[in-house]
Structure formats: C-alpha cells, structure tokens
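Structural characterization, general
So you can see what is in the structure, the chains are spelled out below.
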Amino acid sequence: MNKAVFLDRDGVITQDPPHYAHRIDQLKLIPKSADAIRLLNENGFKVVVVSNQSGVARGYYQEKDVEIYNSAMEKELEERGAYIDAIYYCPHYPEAKIEAYRMDCDCRKPKPGMLKRAEKDLDLDLKRSFLIGDKLIDVEAGYRAGCKTILVLTGHGNDESKKNATMNIKPKYVSKDLHTASQIINGTTRLHRFPQENMKMHDVKEMVEGKRYHDE
Ligand SMILES: [Mg+2]
Ligand SMILES: [Zn+2]
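The sections below set out a description of the structure shown in this document. Since this is a predicted model, take the numbers as computed values, not measurements.

Reading the values: rules and limits
Residues numbered from 1 in each chain as written. Chains lettered and ligands numbered in written order. Predicted model: local features only at pLDDT ≥ 70, side-chain atom pairs only at ≥ 80, totals over all residues. Buried ≥ 20, exposed ≤ 12 C-beta atoms within 10 Å, placed from the backbone. Helix = DSSP H or I, 4+ residues; strand = E, 2+ residues; numbered from the N terminus. Contact = placed C-beta atoms within 7 Å. Pairing = 2+ DSSP bridges. Axes fitted to C-alpha atoms, helices over the stretch in contact; angles between N-to-C directions. Parallel < 35°, antiparallel > 145°, perpendicular 65-115°, else oblique. Left-handed = near helix turned anticlockwise from the far one by under 90°. Arc of directions from axis to C-beta. Right-handed = clockwise from strand over helix to strand, strands pointing away.

1. Quick look at helix α1 (residues 33-42)
The α-helix advances 3.6 residues per turn, and as a result positions three or four apart in sequence lie on the same side. The complete set of buried residues in α1 reads Ser33, Ala34, Ala36, Ile37, Leu39 and Leu40. Considering only its buried residues, α1 is in contact with β1 (3-7), β2 (45-52), α2 (63-79) and α6 (178-185). Immediately downstream of α1, the backbone of Gly44 shows phi near 80 degrees, a positive value.

In structure tokens form, the structure reads like this:
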C-alpha cells in the first residue's frame, strides 16, 4: 500500500486569486511549492490534488477550463522536477445554477469522497497519509478520511487559523506554507502542534517561525 499527501490546489500549490482561478493567466505557483512537491516525490509519497471547483456548478467556467488549468499547473511543476500522481476535483454545488451539477455529492470537501476514491485508485494507506489545505473544510475532509492534517497559512489559511477557538476539527499541525509542511512530513523540521483554544494569531506566527514550541 502507498502513502500519500493530499493537496488542496488553490491557496496551497497555486495562488488563490479573487473570483475563482480558472484562466491560465491567473496561474501562479506559490513560492517553493514545486520544491515541496519534489521533496514529497523523493520521499515516496503519492501526491494527490483534491480540489473543490464549484465555479463549474455556479456557471463561472466549465470542466474543460479546470482541466486546462490543471494541465498548465502540472507542466510548470514538471519543469521544476515535481510530479503530481493524480488530480481529483468536485464540480458540484448543492445550490448550483447549472442543473447537471446541482447535487449534494459525496466529493465536495469537507466530505472525504475524493480521498476515498483515491484510496481505491492508488491503493493508499490513508492512516499513513497526510492532507494539506488552507481551509478548515480541507482539514475536515482529511480528518474524516483518517489522514493526518496540516493547515497552511497561505491562501485563506491565515484567516482560517483565527477561527481556531470555534472550530470543531483542528488540524494536527500548522505550517507557514506547503514547503514547510513538506519538511514537517519528511521530518526535517520540528513539528508544530496546532495551538490550544485560547492562542492568539501572533502566537501561531511565532510558532511557525520557530520562536515558540509546544510540547504535547
Ligand atoms: Mg484552498
Ligand atoms: Zn462533488
């Protein structure tokens, strides 16, 4: 069985521009995300992208646009020696404008459907796998699939981490970005436990920068 790292796309690998990334001219890798993916490749992880793309259901763009965008992203990564093993996306939305996509599917995160599908397709051991996302719905999907979870502070991560007093499901680790997260997974950097209930954002920042370290 294989171990995997599931990655959200927007705000984790690539910048998350306003109004739903779907055109090639919006595509911009987050610094060092290619290095991070290469590191995961080298350490024997399957790298699997799991992305909510409700912009399809909302009528903002089509599935072919998602695929063109994904291919362009893969090409940019490959030029830097980084490979993605599989990409899954959910085009659905319960209140969709486009009827064909209007459903309460099992793949839209926080549901774990995309991860479960990858488990079968790629013979994954989810318990030895990780999920990295910039939103709590990503973290929840990873948690529900039985993976270890990391919230990154890129994309929406900064805002999302401020909700930590009210969140039901907390990430196991928090990290500055995908590159730091990949180092955590590969054991080359100290593990940052997610802060306790009453921790403030500046505490999180300090932890990420390594000024502060919480033992169990
Ligand atoms: Mg995201
Ligand atoms: Zn779906």
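2. Some details on the sheet that holds strand β6 (residues 173-175)
Picture the strands of a sheet paired through backbone hydrogen bonds; they go either parallel or antiparallel. On the basis of which strands lie adjacent, the open sheet formed by six strands has the order β3-β2-β1-β4-β5-β6 and parallel pairing. Strands at the two margins of the open sheet, each flanked by one partner only, are β3 (86-90) and β6. Each adjacent strand pair in this sheet contributes to an overall mean axis angle of 20 degrees, direction not counted. Looking at chain direction, β1 and β2 are connected through five bridges and run parallel. Across the sheet, residue Phe6 finds its bridge partner in β2, namely Val48.

3. Overview of the packing of α1 against α6
Interhelical geometry of α1 versus α6 gives an angle of 20 degrees and a closest axis separation of 8 Å. Judged on the interaxial angle alone, α6 and α1 are roughly parallel. Where α1 crosses over α6, the handedness of that crossing is left-handed. In contact with Ser33, Asp35, Ala36, Leu39 and Leu40 of α1, α6 contributes Leu178, His179, Ala181, Ser182 and Ile185.

4. Regarding helix α3 (residues 113-121)
Considered for burial, the residues of α3 that qualify are Met114, Leu115, Ala118 and Glu119. The arc enclosing the buried residues of α3, seen along the axis, measures out at 145 degrees, which places them on a common side. On its buried face, α3 is in contact with β1, β2, β3 and α4 (136-144). Following α3 by one or two positions, Asp123 adopts a phi angle in the positive range, close to 50 degrees.

5. Quick word on the pairing of β1
For β1, a buried count of four out of five residues is recorded, marking the element as mostly surrounded by other parts of the structure. Taking the sense of rotation as the criterion, the β-α-β connection linking β1, α1 and β2 turns out right-handed.

These figures capture arrangement, not role.
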